Amino acid sequence: MIKFDEQKQLDSTAGALTIRKEIERIAEDVAGRGYSNLCYLGIGGTYASALQTQSHVQENSGMEIIAQNAALYNTTGNRRIGENTVVVLSSVTGTTQEVVEAVEKVKALGAVVIGFVDKADTPLEKLSDYSIRYPQNEQLKFFMLADRLMYLAGDYPQYEKQYAEYDRYLPQALVDTEKAADEFGKRFAEKHCEDAMHYFVGAGNQYGSTYSYAMCYWEEQHWLRSKSIHAAEFFHGTLEIVDKNTPVTLFMGEDSQRPLAERVKNFLPRVCGNYTIIDSAEYPLVGISPEFRGDISHLVTHAVTQRIDAHMEQINRHPMEIRRYYRQFPY
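Quantities reported herein were computed from a predicted structural model and do not represent experimental measurements.

Conventions and cut-offs
- Residues numbered from 1 in each chain as written.
- Predicted model: local features only at pLDDT ≥ 70, side-chain atom pairs only at ≥ 80, totals over all residues.
- Heavy atoms only, no water.
- Helix = DSSP H or I, 4+ residues; strand = E, 2+ residues; numbered from the N terminus.
- Rg over C-alpha atoms; globule rule 2.2 N^0.38 Å.
- Buried < 20%, exposed > 50% of the residue type's maximum accessible area, 1.4 Å probe, protein only.
- Contact = heavy atoms within 4.5 Å.
- Lys, Arg positive; Asp, Glu negative; His and termini not counted.
- Charge placed at Lys NZ, Arg CZ, Asp CG, Glu CD.
- Expected span 1.5 Å × (residues − 1).
- Patch = residues over 30% accessible without salt bridge, like charges linked within 9 Å, V, L, I, M, F, W, Y side chains within 5 Å.
- Areas by Shrake-Rupley, 256 points an atom, 1.4 Å probe, with all protein chains shown as cover.
- Salt bridge = Lys/Arg side-chain N within 4 Å of Asp/Glu carboxyl O.
- Pairing = 2+ DSSP bridges.
- Axes fitted to C-alpha atoms, helices over the stretch in contact; angles between N-to-C directions.
- Polar contact = N/O pair within 3.5 Å; in protein donor to acceptor, adjacent residues only side chain to side chain.
- Parallel < 35°, antiparallel > 145°, perpendicular 65-115°, else oblique.
- Left-handed = near helix turned anticlockwise from the far one by under 90°.
- Nonpolar A, V, L, I, M, F, W, Y, C, P; charged D, E, K, R; others polar.
- Core = buried A, V, L, I, M, F, W, Y, C linked by side-chain atoms within 4.5 Å.
- Phe/Tyr/Trp six-rings, centres within 6.5 Å; stacked < 30°, edge-to-face > 60°.
- Lys NZ or Arg CZ within 6 Å of the ring centre and 35° of its normal.

Caption draft 1: Looking closely at the overall build of the protein chain. On a plain count of helices and strands, the protein chain comes out with 13 helices and nine strands. At 20 Å, the protein chain has a C-alpha radius of gyration in line with the 20 Å of a compact globule built from 331 residues. Each principal axis of the C-alpha distribution contributes one length, and for the protein chain these read about 55 × 50 × 40 Å. Here the protein chain, with 331 residues, has 56% of them falling under the buried criterion. In the protein chain, 77% of the contacts between residues at least 6 apart in sequence involve partners at least 24 apart. For the protein chain, the centre of its 34 positive side-chain charges and the centre of its 45 negative side-chain charges are spaced 3 Å apart.

Caption draft 2: Main features of helix H10 (residues 205–219). Relative to the 21 Å expected for 15 residues at 1.5 Å per residue, H10 spans 21 Å between its end C-alpha atoms, a close match to the ideal helical length. With eleven of 15 residues buried, H10 lies mostly within the body of the structure. Of the positions making up H10, those classed as buried are Asn 205, Gln 206, Tyr 207, Gly 208, Ser 209, Thr 210, Ser 212, Tyr 213, Ala 214, Cys 216 and Trp 218.

Caption draft 3: Structural view of a nonpolar patch on the surface. Together, Tyr 325, Tyr 326, Phe 329 and Tyr 331 make up a nonpolar patch on the protein surface, roughly 500 Å² of accessible area in all. For Tyr 331, a relative accessible area of 58% puts it in the exposed group.

Caption draft 4: Representation of the sheet that holds strand E4 (residues 112–117) within the structure. Taken in spatial order, the five strands make up an open sheet running E2-E1-E3-E4-E5, and their pairing is parallel. Each edge of the open sheet is held by one strand with a lone partner, namely strand E2 (65–69) and strand E5 (130–132). Strand-to-strand twist across the sheet, computed as the mean angle between neighbouring axes with direction ignored, equals 20 degrees. Inspection of the sheet shows strand E1 (residues 37–42) paired to strand E3 (residues 85–91) by four bridges, in the parallel sense.

Caption draft 5: Region of the structure containing the side chain of His 56. Among the structural elements, His 56 can be located in helix H3 (residues 45–60). Among the polar contacts listed, one links the side chain of His 56 to the side chain of Asp 147, at a separation of 2.6 Å. Not counting chain neighbours up to four residues away, the residues in contact with His 56 comprise Phe 143, Asp 147, Met 150, Tyr 156 and Asp 295.

Caption draft 6: Representation of the packing of helix H2 (residues 20–33) against helix H7 (residues 138–152). Look at H2 against H7: their axes get within 9 Å of each other, and the N-to-C directions meet at 45 degrees. Classified by the angle their axes make, H2 and H7 are oblique. As H2 packs across H7, the resulting crossing turns out to be right-handed. Counting all contacts with H2, which are made through Arg 20, Ile 23, Glu 24, Ala 27, Glu 28 and Ala 31, the residues of H7 involved are Lys 141, Met 144, Leu 145, Arg 148, Leu 149 and Leu 152. Of the residues assigned to the contact of H2 with H7, the class counts are seven nonpolar, no polar and five charged.

Caption draft 7: Fine view of the nonpolar core. Residues Leu 38, Tyr 40, Val 88, Leu 145, Tyr 166 and Leu 170 are the most contacted members of the largest nonpolar core, which totals 61 residues. Top contributing element to this core by residue count: H7, with seven residues. Filtering out sequence-adjacent residues up to four positions away, Tyr 40 remains in contact with Ala 50, Thr 53, Ile 65, Ile 66, Ala 67, Gln 68, Val 88, Phe 142, Leu 145 and Ala 146. Counting residues in each nonpolar core, the second largest holds 18 residues, with Tyr 73, Val 106, Ala 111 and Val 113 among its members.

Caption draft 8: The side chain of Ser 61, seen in detail. With respect to the helices and strands, the residue Ser 61 is situated in the loop between H3 and E2. With relative accessibility at 13%, the residue Ser 61 sits in the buried group. A distance of 2.6 Å separates a polar atom in the side chain of Ser 61 from a polar atom in the side chain of Asp 155. Ser 61 has contacts with Met 150 and Asp 155, leaving out every residue within four places of it along the chain.

Caption draft 9: Inspection of the packing of aromatic side chains at higher detail. If you walk through the whole model with that rule in mind, you get 20 aromatic pairs. Ring centres of Tyr 213 and Tyr 217 lie 5.5 Å apart, and the angle between their planes is 35 degrees; this geometry places the pair in the tilted category. Pair noted here: Tyr 213 and Tyr 217 are both in helix H10, with a separation of four residues, about one helical turn. The exposure class assigned to Tyr 213 is buried, which follows from its relative accessible area of 4%. Put simply, the rings of Phe 184, Phe 188, Phe 200, Tyr 213, Tyr 217, Trp 218 and Phe 251 pair up and form one aromatic cluster. Of note, Arg 263 hangs over the ring of Phe 235, and the distance from its end group to the ring centre comes to 4.0 Å. Positioned above the aromatic ring of Trp 223, the side-chain terminus of Arg 324 is 4.0 Å from the ring centre.

This is the structure in structure tokens:
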């Protein structure tokens, strides 16, 4: 396998799970103070993670949750965000300009800010009322906080059992998934490394992954043109441009919106000869109970796409960390 450090991956996921105690402390403090709604604030990939969390919370709780694009907030605002809002953000650098501006605005309204910020002494860490530092694993961190808040609200009784399984089995399950997907990732990358356009489709907590994978990975990091489509919207436009040669990849998860993806899955063979299905249900996830698989299916498909990325990078001789324009000059 190329570019795969098994121990590093194990340690990364296991380490993220260990910060749950810190997350629980913050959640209990916030819940004790009281709040009216929850806002996950982001831009680009962090907005995609916010969309995943919003779908997850809406499936499991009556809690009001907002997935807010930071740039849109800076221009239009959102009157549901105010002094009784808990705002959650994530940033690797702590300097994302749209998010900094948005957080300054919500802080002025009195909102409480929880920041997953990887770098110390950065603007976003300083603006956060609560700050947690741990690299990567953004989607898992977002879900851990949301799950604890739902549990404290009485909406997530499975919390203790679910996370006991995650602590024991999830790091190895994700590593096993990535190892099992390596040959698939190689074949996929060889077939699609020069696609003129590729369409990615998903639903539920897979849609945030779909949105992120098309934009933040294929466009930003591989410089390949792509588009993300929600499976619920596929039949209201996108189906008309699909023919036998159109590259289409469907992400399938195991949450309540799986039937939306299944409808696309049943349609594609009738019109397309160039489609791929990436289904979290095909991976065993040893130790994880069936009722908990849906909540982490986006982590499973991410493990699969990491193998695509590793092989795509090798085939196209384009290191994923290179950017043509992003943060290269002011804009």
